[in-house]
Amino acid sequence: MKILSIFLLAFYAVSGIAQTGGQNVFPFLDMAYNARSASLGRKLITVYDDDVNMGIENPAVFNKEMDNSIGFNQALHAGGINHGMVAYAKHFDGVGTGSAHLRYVAYGKMDRTDETGQTIGTFNAGDFVLGGSMARRLNPRISIGASFNIIWSQLESYSSMGLSLDLGGVYISKNERTTVSAVIRNAGVQLKTYTENNRTPLPAQAMMGISHKLEHAPFRVSIVAHHLNQWDLTYNDPTLEPTIDPLTGEEVPVPTAGFGEKLARHFLFQLEFLAGK
């Protein structure tokens, strides 16, 4: 058995991707659960190699090079909060490459208070995703895959459950230095809500990406277009109101994002240094 990656991290920075919040349930589905993806903007869907962690980003990239591989990732944060992932892959001749994984977020122990702010005890909170995946290479150039996920969230006495499906496809060039990927992530439903009559959609999104490894230099360049199913990713503060210019007396409207900014928010540009032969 080979250990593909063990990342024990005290802190790491995740690239911020601004978007409207509060409209979806289970936002932890889009967290970065491995250090490699976190360092490249959380959406590393174009890499086709032997790293089992990449299969969680795009199920189509599971392959026989990952046979009997384990990936373990752990991030530690302030206040006793931590999150991480454990993944295992196994190749089956004539069938494809399967995988099982567990993603989790543990928020630590928190104070329980009454309506006056008095502490009356403590409680724990956590989010969990248990997933199973299968990928199959249709021919030397194309691979497809899918992941089925069971989602559970427990926040004090409130709990919620859901199901989601991730679908992916990848094209690998003949020299295996260029890949083109397409992914639909978090397509699913909230089965059990935290409170009655409060059902919320999952943070589903469609993505496409292209990656190219330079022939004579240890670099891989990738471009990923994300949230293709949602045009406007900007946040408009509903409390803002037009102001008056003190010099001209004219009304200054609330600033809004233009076409260029809205388009740019859909793209990630990634550069990976590949240490090896």
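Cut-offs and rules
- Residues numbered from 1 in each chain as written.
- Predicted model: local features only at pLDDT ≥ 70, side-chain atom pairs only at ≥ 80, totals over all residues.
- Heavy atoms only, no water.
- Helix = DSSP H or I, 4+ residues; strand = E, 2+ residues; numbered from the N terminus.
- Contact = heavy atoms within 4.5 Å.
- Areas by Shrake-Rupley, 256 points an atom, 1.4 Å probe, with all protein chains shown as cover.
- Lys, Arg positive; Asp, Glu negative; His and termini not counted.
- Charge placed at Lys NZ, Arg CZ, Asp CG, Glu CD.
- Phe/Tyr/Trp six-rings, centres within 6.5 Å; stacked < 30°, edge-to-face > 60°.
- Lys NZ or Arg CZ within 6 Å of the ring centre and 35° of its normal.
- Patch = residues over 30% accessible without salt bridge, like charges linked within 9 Å, V, L, I, M, F, W, Y side chains within 5 Å.
- Salt bridge = Lys/Arg side-chain N within 4 Å of Asp/Glu carboxyl O.
- Core = buried A, V, L, I, M, F, W, Y, C linked by side-chain atoms within 4.5 Å.
- Buried < 20%, exposed > 50% of the residue type's maximum accessible area, 1.4 Å probe, protein only.
- Pairing = 2+ DSSP bridges.
- pLDDT = per-residue confidence, 0-100.

## Considering the overall build of the protein
- Scanning the protein for helices and strands turns up three helices and 13 strands.
- Overall, the C-alpha framework of the protein stretches about 65 × 55 × 35 Å when taken along its three principal axes.
- Residue pairs in contact within the protein that sit at least 24 positions apart in sequence constitute 56% of those at least 6 positions apart.
- When the accessible surface of the protein is summed, it comes to about 15,000 Å², and 61% of that surface belongs to carbon and sulfur atoms.
- A distance of 14 Å separates the average location of the 22 positive side-chain charges in the protein from that of its 25 negative side-chain charges.

## A short note on the packing of aromatic side chains
- All told, the structure shown has four aromatic pairs when counted by the stated rule.
- Cation over ring: R103 sits above Y33, and NZ or CZ is 5.6 Å from the ring centre.

## Observations concerning a nonpolar patch on the surface
- Taken together, L138, I142, I144, Y171, V180, I210, I223, W231, F259, L263, F267 and F269 make up a surface patch of nonpolar side chains, about 1,100 Å² in accessible area.
- At the level of secondary structure, the elements contributing two or more residues to the nonpolar patch comprise strand 6 (142-155), helix 3 (259-264) and strand 13 (267-273).
- Mapped onto the secondary structure, F267 falls in strand 13.

## A word on the nonpolar core
- Membership of the largest hydrophobic core comes to 17 residues, with the highest contact counts inside it found for F26, F28, L29, V52, F62, I151 and L202.
- When residues of this core are traced back to their parent elements, those giving at least two are strand 3 (82-92) and strand 5 (119-137).
- Of all the elements, strand 3 adds the most residues to this core, at three residues.
- Core analysis: the second largest hydrophobic core is formed by nine residues, L44, A60, V61 and V170 among them.

## A closer look at unusual backbone geometry
- The phi dihedral of N68 falls on the positive side, at around 60 degrees, and the residue is not glycine.
- Tracing the backbone shows N68 in the loop between helix 2 (54-57) and strand 2 (69-76).
- Among the residues examined, N68 registers a relative accessible area of 22% and is labelled partly exposed.
- Although it is not a glycine, N186 adopts a positive phi angle of roughly 65 degrees.
- Relative to the assigned elements, N186 resides in strand 8 (residues 178-192).
- Among the residues examined, N186 registers a relative accessible area of 1% and is labelled buried.

## Considerations on the pairing of strand 9 (residues 205-213)
- In this structure, strand 8 lies alongside strand 9, joined through eight bridges in antiparallel fashion. Across the sheet, T179 pairs through a bridge with S211, a residue of strand 9.
- Where strand 9 lies against strand 10 (residues 219-225), six bridges are found, and the strand directions are antiparallel. Across the sheet, S211 pairs through a bridge with S222, a residue of strand 10.

## Overview of the pairing of strand 2
- For strand 2 and strand 3, the ladder comprises eight bridges, and the chain directions are antiparallel. What sits directly across from Q74, in strand 3, is G84.

## Looking at the confidence of the model for the protein
- Here the protein shows a mean pLDDT of 88. Residues at 70 or above account for 92%.
- Mean pLDDT in the protein bottoms out at strand 1 (residues 2-9), which sits at 36, and peaks at strand 9, which reaches 97.
- Within the model, pLDDT remains below 50 along residues 1-19, and this stretch shows 56 contacts once partners closer than five positions in the same chain are excluded.

## A short note on the environment of G131
- Inspection of the secondary structure assignment puts G131 in strand 5.
- Exposure remark for G131: the relative accessible area of 6% places this residue in the buried category.
- On a C-alpha basis, the gap between G131 and I150 in space is 6.2 Å, while along the polypeptide they are 19 residues apart.

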